[in-house]
Amino acid sequence: MNFAEIDQKMMRRCVELAAIAASQREMPFSCVICRDGEIVAEAVNRVVQDGDVTRHAELLAISEAQRVLGQKDLSDCTIYSSVEPCAMCSFPIRETRIGRVVYAISSPMMGGFSKWNVLSDNELSNVMPEAFGGIPEVTAGLLYREAAAVWRAWNLVIWLAIRFRGCLTEASKEETYRSVQVRSSRRQGWLRRMLGSHFQRVAGVLRRDAG
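Residues numbered from 1 in each chain as written. Predicted model: local features only at pLDDT ≥ 70, side-chain atom pairs only at ≥ 80, totals over all residues. Heavy atoms only, no water.

(A) The arrangement of the packing of helix 6 (residues 144–154) against helix 7 (residues 156–165) in detail. At a minimum axis distance of 5 Å, the contact between helix 6 and helix 7 shows a crossing angle of 125°. By the criterion of interaxial angle, the relationship of helix 6 to helix 7 is oblique. Seen from helix 6, the contacting residues are Tyr144, Ala148, Trp151, Arg152 and Trp154; seen from helix 7, they are Leu156, Ile158, Trp159, Ile162 and Arg163. Looking at the contact of helix 6 with helix 7, its residues break down into eight nonpolar, no polar and two charged. (Axes fitted to C-alpha atoms, helices over the stretch in contact; angles between N-to-C directions. Helix = DSSP H or I, 4+ residues; strand = E, 2+ residues; numbered from the N terminus. Parallel < 35°, antiparallel > 145°, perpendicular 65-115°, else oblique. Contact = heavy atoms within 4.5 Å. Nonpolar A, V, L, I, M, F, W, Y, C, P; charged D, E, K, R; others polar.)

Structure below.
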């Protein structure tokens, strides 16, 4: 199974999870993390159920993936989201070095790629390679219609209001172009990754010595 087939399969699972979130009276946000074509972790928003605004699907899935794999380095993983990860969720994506980000619906007001540029910010990994991985590959707009249909079925009035305000939309041509640029830049990040690994080893030695 190639990348395109895996992406389709995982995003369809994301759409299914978004519908499950809606049935639980949550907004239809969902997330899947996979490695080698297999699901490592999946989650839906739990903001309403837990009464906690930080319980976003991406944060829950990233936490679970680290627990399952027993490590914080998720560089060989891909994260799929029904909606573009917000800035809050995008920083942990960079810190865990997730290699690919795929989402269906763009979020021009809150998105960590289309609005706040966290996912494609080279400066993070250039200045702090010991903490942040290189910029991930980004694919925007995959199965947009299917994901949008879940939002319409959840609450048509809210969906139309969100669309009217420009909060959630289909990925723009500019966004797709930037996705291509991100892929190109990532191929040039070998030095940053090498330096990041070196800094991490040094930090580990210092922590052991301090203990």
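(B) Local environment of the packing of aromatic side chains. Counted under the stated rule, the structure contains four aromatic pairs. On the numbers, 5.6 Å between centres and 80° between planes, the contact of Trp151 with Trp154 is edge-to-face. With Trp151 and Trp154 both in helix 6, this residue pair falls three residues apart, about one helical turn. When the centroid spacing of 5.9 Å and the interplanar angle of 45° are considered together, the rings of Trp151 and Trp159 count as tilted. Across the pair, exposure class does not vary: Trp151 and Trp159 are buried alike. Cluster of aromatic residues (ring-pair linked, three or more members): Phe29, Trp151, Trp154 and Trp159. Above the plane of the ring of Phe3 lies Arg100, whose end atom (NZ or CZ) is 4.2 Å from the centre. For Arg178, the ring lying beneath its charged end belongs to Phe113, and the centroid distance is 4.3 Å. (Phe/Tyr/Trp six-rings, centres within 6.5 Å; stacked < 30°, edge-to-face > 60°. Buried < 20%, exposed > 50% of the residue type's maximum accessible area, 1.4 Å probe, protein only. Lys NZ or Arg CZ within 6 Å of the ring centre and 35° of its normal.)

(C) Summary view of the sheet that holds strand 5 (residues 137–140). Spatial ordering of the open sheet is given by 2-1-3-4-5, a layout of five strands whose pairing is mixed. Each edge of the sheet is formed by a strand with only one pairing partner; in this case those strands are strand 2 (38–44) and strand 5. For this sheet the average axis-to-axis angle between neighbouring strands, irrespective of direction, equals 15°. Sheet topology places strand 1 (residues 30–35) next to strand 3 (residues 78–83); four bridges connect them, and they run antiparallel. What sits directly across from Ile33, in strand 3, is Ile79. Lying over the sheet, helix 3 (residues 57–69) contacts strand 1, strand 2 and strand 3, oriented at roughly 145° with respect to strand 2. (Pairing = 2+ DSSP bridges.)

(D) Structural context of the pairing of strand 5. Here strand 4 (residues 100–105) pairs with strand 5 via four bridges, running parallel. The partner of Tyr103 across the bridge, within strand 5, is Ala140. Chirality of the crossover, the property in question, places the unit of strand 4, helix 5 (residues 122–127) and strand 5 among those that are right-handed. (Right-handed = clockwise from strand over helix to strand, strands pointing away.)

(E) Structural detail: the environment of Thr78. With respect to the helices and strands, Thr78 occurs in strand 3. Residue classification places Thr78 among the buried residues on the basis of a relative accessible area of 5%. A C-alpha to C-alpha distance of 9.8 Å links Thr78 and Val138, two positions 60 residues apart in sequence. If we skip the residues at most four places from it in the chain, Thr78 touches Val32, Ile33, Cys34, Ile98, Arg100 and Val102. Within the structure, Thr78 has its side chain in polar contact with the side chain of Arg100 (distance 3.4 Å). (Polar contact = N/O pair within 3.5 Å; in protein donor to acceptor, adjacent residues only side chain to side chain.)

(F) Summary view of the pattern of salt bridges. With the rule as written, the count across this model stands at nine salt bridges. Put simply, Asp50 and Arg55 hold a salt bridge, and the shortest N to O gap is 2.8 Å. (Salt bridge = Lys/Arg side-chain N within 4 Å of Asp/Glu carboxyl O.)

(G) Main features of the side chain of Glu175. Take Glu175: it is sitting in helix 8 (residues 173–186). Residues within four places of Glu175 in sequence aside, it is in contact with Glu84, Tyr103, Ser106, Phe113, Ser114 and Ala140.

(H) Quick peek at the nonpolar core. Core analysis: the largest hydrophobic core is formed by 27 residues, its most contacted members being Met11, Tyr80, Ile105, Trp151, Trp159 and Leu168. Put simply, the parts of the chain that give this core at least two residues each are helix 1 (3–23), strand 1, strand 3, strand 4, helix 6 and helix 7. Apart from the residues within four sequence positions on either side, Tyr80 is in contact with Ile6, Asp7, Met10, Met11, Cys14, Ser30, Cys31, Val32, Cys34, Arg100 and Val102. In this structure, Ile33, Ala41, Ile93 and Val138 belong to the second largest nonpolar core, which totals 24 residues. (Core = buried A, V, L, I, M, F, W, Y, C linked by side-chain atoms within 4.5 Å.)

Distances and angles like these do not, on their own, reveal function.
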